[in-house]
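Coordinate inspection notes
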Amino acid sequence: MDATEDVIRYAGFWIRVAAAIIDSILWGVITLPILIAIYGTDWLLGEHPVFTIHGIWELLLSYVLPAIVVIVFWVCKSATPGKMMTRIQVVDAETGNKLSTGQCIGRYLAYYPAMIPLFLGLIWVAFDKRKQGWHDKLAKTLVIHLQQPTPGDSQEP
């Protein structure tokens, strides 16, 4: 990426926050009605410890399935729906190409150490010169703005 480093526009902290919020809203719209149908409104409004999982469906719909969906989106589209809507994508930091499946899995798992110390590894994006969080550094990824077509570029149908 050294030769094209100066033309890459790294996606900064706030656009990545916006993409994450979009993804969270979309996932909530899909899963909350299902979880309420299974566990009732008491599950949503009840008083219970924060890190309690109430059953297999909550585990699957809140933790397992989102991991699978995010990884599949990264493998197939290089972006989650929120990243697509904000016109950013995740690429290999060395080549600028699509991520390998192993990189996608590693990046997802690397969110955990990035979040544990008060989300410092995610906030790191705001201060890093390449706008990489700890999860990006561990997985060797970058989040970049999609290239805008320049005038004169031919568009293939």
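The following refers to the structure shown. Bear in mind the structure is a predicted one, so any value in this text is a computation, not a measurement. (Residues numbered from 1 in each chain as written. Predicted model: local features only at pLDDT ≥ 70, side-chain atom pairs only at ≥ 80, totals over all residues. Heavy atoms only, no water.)

Observations regarding the packing of aromatic side chains
Summed over the entire model, instances satisfying the criterion amount to six aromatic pairs. Judged by centre distance (4.9 Å) and plane angle (85°), the rings of Phe13 and Trp14 are edge-to-face. On the basis of relative accessible area, Trp14 is assigned to the exposed category, the value being 66%. Through a chain of ring-to-ring contacts, the aromatic side chains of Trp74, Tyr108, Tyr111 and Tyr112 assemble into a single cluster. Arg107 extends its terminal NZ or CZ atom over the ring of Trp74, reaching a point 4.7 Å from the ring centre. (Phe/Tyr/Trp six-rings, centres within 6.5 Å; stacked < 30°, edge-to-face > 60°. Buried < 20%, exposed > 50% of the residue type's maximum accessible area, 1.4 Å probe, protein only. Lys NZ or Arg CZ within 6 Å of the ring centre and 35° of its normal.)

Digging into the environment of Glu58
Among the structural elements, Glu58 can be located in helix H3 (residues 56–77). The spacing of Glu58 and Tyr39 is 19 residues in sequence and 8.9 Å in space, taken between C-alpha atoms. Those residues in contact with Glu58 that lie beyond four places of it in its chain are Leu35, Tyr39, Trp43, Thr52, Ile53 and Tyr63. (Helix = DSSP H or I, 4+ residues; strand = E, 2+ residues; numbered from the N terminus. Contact = heavy atoms within 4.5 Å.)

Regarding the side chain of Asp92
Tracing the chain through its elements places Asp92 in strand E1 (residues 88–92). We note that Asp92 is buried and unpaired, the nearest opposite charge coming from Arg130 at a distance of 8.1 Å. Side-chain polar atoms of Asp92 contact the backbone nitrogen of Glu94, separated by 2.8 Å. (Lys, Arg positive; Asp, Glu negative; His and termini not counted. Salt bridge = Lys/Arg side-chain N within 4 Å of Asp/Glu carboxyl O. Polar contact = N/O pair within 3.5 Å; in protein donor to acceptor, adjacent residues only side chain to side chain.)

So, the packing of helix H1 (residues 13–39) against H3
Running from N to C, H1 and H3 point in directions that differ by 160°, and their axes come no closer than 10 Å. By the criterion of interaxial angle, the relationship of H1 to H3 is roughly antiparallel. At the point where H1 passes H3, the crossing takes the right-handed sense. Between H1 and H3, the contacting residues are Trp27, Thr31, Ile34, Leu35, Ile38 and Tyr39 on the first element and Ile56, Trp57, Glu58, Leu61, Ser62, Leu65, Pro66 and Val69 on the second. Per-class residue counts for the contact of H1 with H3 are 11 nonpolar, two polar and one charged. (Axes fitted to C-alpha atoms, helices over the stretch in contact; angles between N-to-C directions. Parallel < 35°, antiparallel > 145°, perpendicular 65-115°, else oblique. Left-handed = near helix turned anticlockwise from the far one by under 90°. Nonpolar A, V, L, I, M, F, W, Y, C, P; charged D, E, K, R; others polar.)

Section: the pairing of E1
Successive side chains on a regular strand alternate, one facing one side of the sheet and the next facing the other. Of all five residues in E1, four are buried; the element is thus mostly enclosed. As judged from the five bridges shared by E1 and strand E2 (residues 141–145), these two strands associate in the antiparallel manner. Note on E2: the bridge partner recorded for Ile88 is His145. (Pairing = 2+ DSSP bridges.)

Description of the nonpolar core
Core analysis: the biggest nonpolar cluster contains 12 residues, these being Ala11, Ala19, Ala67, Ile71, Trp74, Ile88, Val90, Leu99, Cys104, Tyr108, Tyr111 and Val143. Those elements that place two or more of their residues in this core are H3, E1 and helix H5 (101–115). Among all residues touching Trp74, those that are not within four sequence positions of it are Ala79, Thr80, Val90, Cys104, Arg107, Tyr108 and Tyr111. Membership of the second largest hydrophobic core comes to six residues, among which are Ile8, Val91, Ala93 and Ile144. (Core = buried A, V, L, I, M, F, W, Y, C linked by side-chain atoms within 4.5 Å.)

Observations concerning the packing of H3 against H5
Two elements in contact, H3 and H5, have axes whose closest approach is 9 Å; the angle formed by their N-to-C orientations is 135°. Classified by the angle their axes make, H3 and H5 are oblique. The two elements H3 and H5 cross, and the hand of that crossing is right-handed. Together, Tyr63, Pro66, Ala67, Val70, Ile71, Trp74 and Val75 of H3 and Thr101, Cys104, Ile105, Arg107, Tyr108 and Tyr111 of H5 make up the contact between the two elements. When grouped by side-chain class, the residues that make up the contact of H3 with H5 number 11 nonpolar, one polar and one charged.

In short, geometric facts, not functional conclusions.
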